Amino acid sequence: MTDFSIATWNINSVRLRLPLVLSLLEDHSPDILCLQETKCPNGSFPDSELRKSGYEHIEIHGQKGYHGVAIISKLPLVNVQRRDFCNMGDTRHISAVAQAGGRSIRIHNFYVPAGGDEPNREINPKFAHKLDFLEEMKTLHSEMERGDGVSSILVGDLNIAPLETDVWSHKQLLKVVSHTPIETDGLNEVQAKGAWVDLMRQHIPPEEKIFTWWSYRARDWDISDRGRRLDHIWSSADLSPALSDITVMREARGWERPSDHVPVFARFSL
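Calculation notes
- Residues numbered from 1 in each chain as written.
- Predicted model: local features only at pLDDT ≥ 70, side-chain atom pairs only at ≥ 80, totals over all residues.
- Heavy atoms only, no water.
- Pairing = 2+ DSSP bridges.
- Helix = DSSP H or I, 4+ residues; strand = E, 2+ residues; numbered from the N terminus.
- Axes fitted to C-alpha atoms, helices over the stretch in contact; angles between N-to-C directions.
- Buried < 20%, exposed > 50% of the residue type's maximum accessible area, 1.4 Å probe, protein only.
- Polar contact = N/O pair within 3.5 Å; in protein donor to acceptor, adjacent residues only side chain to side chain.
- Contact = heavy atoms within 4.5 Å.
- Salt bridge = Lys/Arg side-chain N within 4 Å of Asp/Glu carboxyl O.

The next thing to look at is the sheet that holds strand E1 (residues 3–10). The strand order across the open sheet built from six strands is E3-E4-E2-E1-E14-E13, with neighbouring strands paired in mixed fashion. Looking at which strands have only one partner, the edges of the open sheet turn out to be strand E3 (57–61) and strand E13 (243–248). Neighbour-to-neighbour, the strand axes of the sheet open up by a mean angle of 10°, direction not taken into account. Where E1 meets strand E14 (residues 264–269), six bridges bridge the pair, whose relative direction is antiparallel. Bridge assignment links Ile6 to a residue of E14, and that residue is Ala266.

Below, the structure is given as structure tokens:
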């Protein structure tokens, strides 16, 4: 039996928050860390500092000032793919295959568009982009489902809180981008069409609230607790029985100069 762990974190600028990333790696030592919103062109990514922490295998897909995703790994990464969803030139996806517990596992790391403020595609191009992005994600099936014999994990900031218990107030957020029915139905369809398992909700019952994001606008985020579950970890069905734990690092929201998202860990016994 082999223990394997993966973490996902929207870091909201990897260079600005590099000390937090290094601290997380030192203290919690996931095998793989997937970052979103790195806001960093490839040539400026702080890979040398990360390699000194024992993470020698780093694959990045970045651009200046916006978006950006990265896979930081102790394990070798092969068959790296960077897909340009919606042909926008945005750096919102990267995937690679790692070996763990005798399995080949393709890791997909996503940063789905936030969608702006107005949930109407006719007047808000950002919301239209988000819905189009979801449509394209519906074509992404897990490699095991496709018959490739490769397990799959999909992580990232998907910018949608699908369940009523994934937001602080279902009633008040029904018309707020990230929890509107067209978005939650779309994400549920992505999951169903790809035969993905929502590992966070496998481990934590749907009746319990889970939040991974708290707005910077909140005066006291911890007391008001107006959070949303925007960050997700999914897998192909063959991996879900091996899941041993899910951890949402809520305390990270209270760190000095924090991201508005917190890391989420999944641990497996393979």
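What follows covers the side chain of His61. Counting through the fold element by element, His61 comes out in strand E3. According to the relative accessible area criterion, His61 is buried, its value standing at 14%. For His61, the side chain forms a polar contact with the main-chain oxygen of His93, separated by 2.9 Å. Excluding its chain neighbours within four sequence positions, the residues that come into contact with His61 are Asn42, Gly68, Val69, Arg82, Asp90, Thr91, Arg92, His93 and Ile94.

Another point: the pattern of salt bridges. All told, the structure shown has 17 salt bridges when counted by the stated rule. The salt bridge involving Glu37 is made with Lys39; its shortest N-O contact spans 3.7 Å. Glu37 gets classed as buried once you look at its relative accessible area, which sits at 15%. Note that Glu59 is salt-bridged to Arg82, the shortest N-O span being 2.9 Å. Of this pair, Glu59 sits in strand E3 while Arg82 is found in the loop between strand E5 (78–81) and strand E6 (93–100), placing the two residues 23 residues apart along the sequence. When salt bridges with common partners are traced through the structure, they connect Glu135, Lys138, Glu189 and Lys193 into a single cluster.

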